[in-house]
Amino acid sequence: MMHLSLCTISFRHQLVSLPELATFAAGAGLDGIELWAAHARGLKHQPALNGDWLEAMGLGVSMLSDYLPFAGPYPQGREKLRELCTLAGHWNTRKIRIFAGKKASAECTAADWHALVCRLRDYCLRAEEAGMTLLLETHPNTGADTTEATGELLAAVDHPALKVNLDVLHIWEAGEDPVRAWRTLAPQVQHLHLKNIRHRQYLPEFASDNVYSAAGSRAGMVPLFEGACDFAHFLNSLPDGRVHSASLEWFGPAPFEVIARDSQQILRLQTERLCHA
């Protein structure tokens, strides 16, 4: 069973209100919204928009997505985490997505790795106190850029407040089999990011400087079932006896149309599996 969300970051270059997005999500058969922390901050002046309001529409915030610093003074990072925990609580979610620094695992020295582990453990202790869970995203140029590195990082930090947001395409980008990656990390995976690309040559389009630029290239970004990564195979490989929380992480044009189509195709895939079970 799939608990599917849209990402508010998909609408970062459109003038669309959260009530409009919530109405669309409910009408498209989605279960929730992954809220970009930048948008959550922008909504502080509208306190009536909160987790209870969203739940009254039959939706929930699956995850609050942001970034924590892994360099500089510890108090600065702790203050940012404290803010994220407050925002997450306002939206009735207990999951906060973060990245594992800004250096690829293969480039980390022993000192780099030790610093990353210590900082993550410190964040986990404070997140746990607030009743939150931190989800490390599998992502290039971070300490969690491969299945092996992610597993090693989880083991080194060794804290129950640290889990995984498995970005399927980025694991595929690392040259791995996403199904095998999921099976390896399954006990720690609490969320999935779903997106696709026309061909490997276009993968640089997901670099942050391109994604966040309104003038960035979107030439390689395609709907979920039309790209180089076989998402039908991946989704059909997920076990039925578990609720899989996932977000359609669309960064290209026409987000309403693409998200609605992808969600309908995922629902159709689930229905076909039930019929053949």
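Thresholds, definitions, all that
Residues numbered from 1 in each chain as written. Predicted model: local features only at pLDDT ≥ 70, side-chain atom pairs only at ≥ 80, totals over all residues. Heavy atoms only, no water. Buried < 20%, exposed > 50% of the residue type's maximum accessible area, 1.4 Å probe, protein only. Helix = DSSP H or I, 4+ residues; strand = E, 2+ residues; numbered from the N terminus. Pairing = 2+ DSSP bridges. Axes fitted to C-alpha atoms, helices over the stretch in contact; angles between N-to-C directions. Parallel < 35°, antiparallel > 145°, perpendicular 65-115°, else oblique. Left-handed = near helix turned anticlockwise from the far one by under 90°. Contact = heavy atoms within 4.5 Å. Nonpolar A, V, L, I, M, F, W, Y, C, P; charged D, E, K, R; others polar. 1 Å grid on protein atoms, 1.4 Å probe; cavity = no way out; pocket = protein on both sides within 12 Å on 5 of 7 lines; lining within 4 Å. Points joined across faces, edges and corners; volume = space filled by probe spheres on them.

What is the right way to read the pairing of strand 10 (residues 244–248) from this model?
Put simply, side chains in a regular strand alternate between the two faces of the sheet. Burial within strand 10 is extensive, with 5 of its 5 residues counted as buried. Of the two faces of strand 10, the one holding His 244, Ala 246 and Leu 248 and the one holding Ser 245 and Ser 247 are both buried throughout. Direction of pairing for strand 1 (residues 2–7) relative to strand 10: parallel, over a ladder of 5 bridges. Bridging across to strand 10, Leu 6 finds its partner in Leu 248. Strand direction decides the pairing type here: strand 7 (residues 189–194) and strand 10, joined by 3 bridges, are parallel. Across the sheet, residue Leu 192 finds its bridge partner in strand 10, namely Ala 246.

Would you mind showing me how to read the packing of helix 4 (residues 74–90) against helix 5 (residues 110–129) here?
Any two packed helices are characterised by the angle at which their axes cross and by the distance between the axes. For the pair helix 4 and helix 5, interaxial distance at closest approach is 10 Å and the crossing angle is 40°. Relative to helix 5, the element helix 4 is oriented oblique. Like other packed secondary-structure pairs, helix 4 and helix 5 cross with a definite hand, here right-handed. Taking contact as the criterion, the partners of Tyr 74, Gly 77, Arg 78 and Leu 81 in helix 4 are, on helix 5, Ala 115, Cys 118, Arg 119, Asp 122, Tyr 123, Arg 126 and Ala 127. Of the residues in the contact of helix 4 with helix 5, the class split is 6 nonpolar, 1 polar and 4 charged.

Can you walk me through the layout of surface pockets in this structure?
Gaps left between atoms are located by rolling a probe of water-molecule size over the structure's atoms. Put simply, the largest pocket is a space of about 910 Å³. The wall of the largest pocket is formed by 40 residues, among which Phe 99, Gly 101, Lys 102, Asn 141 and Thr 142 lie closest to the centre. Of all the secondary structure elements, the ones that give two or more residues to the lining of the largest pocket are strand 2 (32–36), helix 5, helix 7 (168–173) and helix 9 (208–211). Residues that form the lining of the largest pocket fall into these classes: 22 nonpolar, 8 polar and 10 charged. What the second largest pocket holds in volume is close to 250 Å³. Lining the second largest pocket we find 15 residues, and of these Met 1, Met 2, Asp 240, Gln 270 and Arg 273 sit closest to its centre. Mapped onto the lining of the second largest pocket, the elements with two or more residues apiece are helix 10 (231–237) and helix 11 (255–276).

Interpretation in functional terms is not warranted from these geometric data alone.
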